[in-house]
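For reference, the chains in residue letters:
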Amino acid sequence: MNQDIIIKELNKLLDKAIKHNEVPVAALIVYNNKIIAKSYNKVEKNNSVLNHAEINVIKKANKKLNNWRLDNCELYITLEPCEMCKSIIKKSRIKNVYFYSKQNNYKTESTPEYKYIENNLFSNKLSNFFKNKR
């Protein structure tokens, strides 16, 4: 899938998250070279720690494919997933996971394979979000 399209879509989702006062994290799932699901954090909106972008997008993809197994899917996220999301991603059997900003508080595990794609756009949005909060 074209990285420019992915970055454009994730950026739109980050803007929505910021508009709704959510921590700006966005995710999308690609299947057969098409985006089949996209979402952003909705923790504040739904008052639930479970509404991380990764979990929201996995649920949408499950519904779209009518299957809990996402073996042939790829997940793109603006921020390295937390341990909770990593566990859910692993259980969903997603083939590849790509993230654009690194978490600073823990080491990335290798299963499934997580690949960092350097891109300052998302890191800057996240930093600016928190700067504006302080």
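Calculation rules
- Residues numbered from 1 in each chain as written.
- Predicted model: local features only at pLDDT ≥ 70, side-chain atom pairs only at ≥ 80, totals over all residues.
- Heavy atoms only, no water.
- Helix = DSSP H or I, 4+ residues; strand = E, 2+ residues; numbered from the N terminus.
- Rg over C-alpha atoms; globule rule 2.2 N^0.38 Å.
- Contact = heavy atoms within 4.5 Å.
- Areas by Shrake-Rupley, 256 points an atom, 1.4 Å probe, with all protein chains shown as cover.
- Phe/Tyr/Trp six-rings, centres within 6.5 Å; stacked < 30°, edge-to-face > 60°.
- Buried < 20%, exposed > 50% of the residue type's maximum accessible area, 1.4 Å probe, protein only.
- Lys NZ or Arg CZ within 6 Å of the ring centre and 35° of its normal.
- Core = buried A, V, L, I, M, F, W, Y, C linked by side-chain atoms within 4.5 Å.
- Expected span 1.5 Å × (residues − 1).
- Arc of directions from axis to C-beta.

Draft legend 1. Local environment of the overall build of the protein chain. Helix and strand counts for the protein chain stand at five helices and five strands. Reading the secondary structure of the protein chain in the N-to-C direction produces α-β-β-α-α-β-α-β-β-α. The C-alpha radius of gyration of the protein chain comes to 14 Å, within 12% of the 14 Å expected for a compact globule of 134 residues. Its C-alpha atoms give the protein chain principal-axis dimensions of about 40 × 30 × 30 Å. Counting contacts in the protein chain only where the partners sit at least 6 residues apart, residues at least 24 apart contribute 47% of the total. Element-wise, carbon and sulfur atoms account for 46% of the exposed surface of the protein chain, whose accessible area totals about 7,900 Å².

Draft legend 2. Quick peek at the packing of aromatic side chains. Counting across every chain of the model gives five aromatic pairs. The interplanar angle of 20° and the centroid separation of 4.9 Å between the aromatic rings of Tyr76 and Tyr98 together place this pair among those described as stacked. You can see Tyr76 sitting in strand E3 (residues 73-77) and its partner Tyr98 sitting in strand E4 (residues 96-99), a full 22 residues away along the chain. An identical accessibility class is assigned to Tyr76 and Tyr98; each is buried. For the pair Phe129 and Phe130, a centre-to-centre distance of 5.2 Å together with 85° between the ring planes defines the contact as edge-to-face. Within the aromatic cluster, the residues linked to one another by ring pairs are Phe99, Tyr114 and Tyr116. Of note, Lys86 hangs over the ring of Tyr114, and the distance from its end group to the ring centre comes to 5.3 Å. Stacked on the ring of Tyr116, the Lys or Arg Lys102 has its end atom at 4.8 Å from the ring centre.

Draft legend 3. Seen up close, the nonpolar core. By size, the foremost hydrophobic cluster in this structure holds 20 residues, and its most contacted members are Ile29, Leu75, Ile77, Ile89 and Ile94. Sorting the residues of this core by element identifies strand E1 (26-31), strand E2 (34-40), helix H3 (53-65), E3 and E4 as the ones contributing at least two each. When residues in this core are grouped by element, the largest group, four residues, is from H3. Excluding residues within four positions of it along the chain, Ile94 makes contact with Ile29, Ile58, Leu70, Asp71, Cys73, Glu74, Leu75, Ile89 and Pro112.

Draft legend 4. Highlighting helix H5 (residues 120-133). In a regular helix each residue adds 1.5 Å, so 14 residues correspond to 20 Å; H5 covers 20 Å between its end C-alpha atoms and thus fits that length. For H5, the set of buried residues is Phe122, Lys125, Leu126 and Phe129. Across the axial projection of H5, the buried residues extend over an arc of 95°, all falling on one side. The secondary structure elements touched by the buried residues of H5 are helix H1 (3-19).

Read these as layout, nothing more, since geometry by itself doesn't imply function.
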